[in-house]
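# Examining the three-dimensional arrangement
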Amino acid sequence: MIDQHLGARIVEARDQLGLSQSDIAGEIGISVSRLVEFESGGTRIPAVFIARLCRALSVTPKWFHNGLPGQDEFDRAV
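Residues numbered from 1 in each chain as written. Predicted model: local features only at pLDDT ≥ 70, side-chain atom pairs only at ≥ 80, totals over all residues. Heavy atoms only, no water.

## Here's the deal with the side chain of Glu 39
For Glu 39, the location among the structural elements is in helix H3 (residues 32-40). Accessibility expressed as a relative area gives 10% for Glu 39, which makes it buried. Residues in contact with Glu 39, not counting those within four places in the same chain, are Gly 7, Ala 8, Ile 10, Val 11, Arg 14 and Gln 21. (Helix = DSSP H or I, 4+ residues; strand = E, 2+ residues; numbered from the N terminus. Buried < 20%, exposed > 50% of the residue type's maximum accessible area, 1.4 Å probe, protein only. Contact = heavy atoms within 4.5 Å.)

## So, unusual backbone geometry
Phi is positive for Ser 58, close to 55°, though the residue is something other than glycine. Note that Ser 58 resides in the loop between helix H4 (47-57) and helix H5 (61-65). Judged by its relative accessible area of 63%, Ser 58 falls in the exposed class.

## Looking at the nonpolar core
The biggest cluster of nonpolar side chains holds 19 residues, and the ones touching the most others in it are Ile 10, Ile 30, Ile 45, Leu 53, Leu 57, Val 59 and Phe 64. Taken together, the elements giving at least two residues each to this core come down to helix H1 (2-17), helix H2 (21-28), H3, H4 and H5. The residues touching Ile 10, leaving out its near neighbours within four places in the chain, are Leu 35, Phe 38, Glu 39, Ile 45, Leu 53, Leu 57 and Phe 64. (Core = buried A, V, L, I, M, F, W, Y, C linked by side-chain atoms within 4.5 Å.)

## Let's talk about H1
With 16 residues, H1 extends 23 Å between its outermost C-alpha atoms, agreeing within 8% with the 22 Å of an ideal straight helix rising 1.5 Å per residue. For H1, every residue scored as buried is listed here: Asp 3, His 5, Leu 6, Gly 7, Arg 9, Ile 10, Ala 13 and Arg 14. Each element contacted by the buried residues of H1 is listed here: H2, H3, H4 and H5. Among the residues trailing H1, Gly 18 stands out with phi positive, at a value near 70°. (Expected span 1.5 Å × (residues − 1).)

## A closer look at the pattern of salt bridges
For the structure shown, the criterion picks out four salt bridges. Residues Arg 44 and Asp 3 are paired through a salt bridge, measuring 3.1 Å at the closest nitrogen-oxygen approach. On the criterion of sequence distance, the pair formed by Arg 44 in the loop between H3 and H4 and Asp 3 in helix H1 is long-range, its members being 41 residues apart. Through salt bridges with shared partners, a single ionic network connects Arg 14, Asp 15 and Glu 39. (Salt bridge = Lys/Arg side-chain N within 4 Å of Asp/Glu carboxyl O.)

Written out as structure tokens, the structure is:
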């Protein structure tokens, strides 16, 4: 569930910026096929790539988690 949510957020940000999978994959130093796995939720995204994606997509790590079930409770506890 988390992996699918994060993948959908990558697609959302990428689409909003008008960037292709190839653009983002090249920017963060991975293959397009690996980005496809991230976007589909089929592969867990390592923290280093979350950081690279944040820079490439001009978003914060928190942005990726917005809308995730249970995230509001976590945010209140922190």
